[in-house]
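Take a look at the letters that make up each chain.
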Amino acid sequence: GYTVPQDIVTRVIHLRDAEESLLDEVTVYPVTTASGKRTYKTRQQHTGFQTVAEAGKPPKTATPQYATMEYKIKKRSGYLPVTNELMEDSDENITAEAEQWLAGESRATANNEIIAVIKGKEAINLVNLDGIITSWIKLGSAFRSISKLVTNDDGLAWLGTLKDEFGRYLLSPNPADPKQLQLCVGPHILPVKSFDNSTLASEGTKIPMIPGCLKEGIAYWDRRQLTIKVSDVAVVGDLNAYEQDLTMWRGSLRDDCTLRDADAFVYGYIDTAAAAAATSDDGGDAA
């Protein structure tokens, strides 16, 4: 057996990672100060002019109304210690590995902040497909044409089971862009964007279903994108890089995430347990 060489690979083999970022779904504002405000005009229903008699005095019309969005930048940070022996003895680029890991932590941090803002709204049980479509339509014409349905892998699987009365699946690819899925219900077409469960998690049997426009709904304030500092003499907690022959990478970013327009989206969910119970009580499929 000693004459048979062993297949030993010390190079790091990366498992496939979705590396999804919710930042593409929201509005990102680069800022240069630690706090600030943005002024915007609120939506109002125009009432129109009133009829005025000849030589009469016109009444005062409604005036535009304004509001402000505020942000307060916070610092997010973490460090990653690596022994210098590992750096010397490994045939992998440990520096690149450390930087890639911290970049992933930065992405996950932004995702968590965005999800926290979404969950800051009241969660609504949409119950079924009718609830999803109704909640989307009720957003109004201001958002309906720019909306999509954001969900996760569980939601994509659930949507993929829905059929019309002729047995045709309601979830289908967009003919103009086959990679883009859309939900076709009668005259209504709602684009669908799904994220991995590790990015947007279900809560037990409750699957997130978020119809609307998150770009209008959420603001991400970017004061400083990810920065990485490296030191072999730093002291962090019980670790002394110089004394213990370590190299430390510290990643940090400064940002904030706030609600931009609460009316732009619905934080909804589908409870598959309740749906299954309803189907069972009906004694068959809920057509």
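Refer to the structure printed above.
Here is what the cut-offs are and how they apply
Residues numbered from 1 in each chain as written. Predicted model: local features only at pLDDT ≥ 70, side-chain atom pairs only at ≥ 80, totals over all residues. Heavy atoms only, no water. Buried < 20%, exposed > 50% of the residue type's maximum accessible area, 1.4 Å probe, protein only. Helix = DSSP H or I, 4+ residues; strand = E, 2+ residues; numbered from the N terminus. Pairing = 2+ DSSP bridges. Phe/Tyr/Trp six-rings, centres within 6.5 Å; stacked < 30°, edge-to-face > 60°. Lys NZ or Arg CZ within 6 Å of the ring centre and 35° of its normal.

1. Notes on the pairing of strand E6 (residues 148-152)
Put simply, side chains in a regular strand alternate between the two faces of the sheet.
Point 1. Of all five residues making up E6, four are buried, and the element is well covered by its neighbours.
Point 2. Across three bridges, E6 lies against strand E10 (residues 206-212) in antiparallel orientation. Bridging across to E10, Leu149 finds its partner in Pro211.
Point 3. With four bridges joining them, E6 and strand E9 (residues 188-195) adopt parallel strand pairing.

2. Let's talk about the packing of aromatic side chains
Point 1. Tallied over the entire structure, the rule returns two aromatic pairs.
Point 2. Pairing Tyr29 with Trp221 gives two aromatic rings, centres 4.6 Å apart and planes at 20°, and the pair type is stacked. Of this pair, Tyr29 sits in strand E1 (residues 27-30) while Trp221 is found in strand E11 (residues 218-231), placing the two residues 192 residues apart along the sequence. The pair Tyr29 / Trp221 is uniform in exposure class, with both members buried.
Point 3. Judged by centre distance (4.6 Å) and plane angle (20°), the ring pair of Tyr71 and Trp221 falls under stacked. Here Tyr71, found in strand E3 (residues 66-72), pairs with Trp221, found in strand E11; they are 150 residues apart in sequence, far enough to count as distant.
Point 4. A relative accessible area of 3% places Tyr71 in the buried class.
Point 5. Given a relative accessible area of 0%, Trp221 falls into the buried group.
Point 6. Among the aromatic side chains, those forming a connected cluster through ring pairs are Tyr29, Tyr71 and Trp221.
Point 7. Note that Lys121 overlies the ring of Phe265, its terminal NZ or CZ placed 4.6 Å from the centroid.
Point 8. Across the ring face of Phe195, the terminal group of Lys193 is positioned such that the distance to the ring centre comes to 5.2 Å.

Everything listed is a geometric property; what it means functionally is a separate question.
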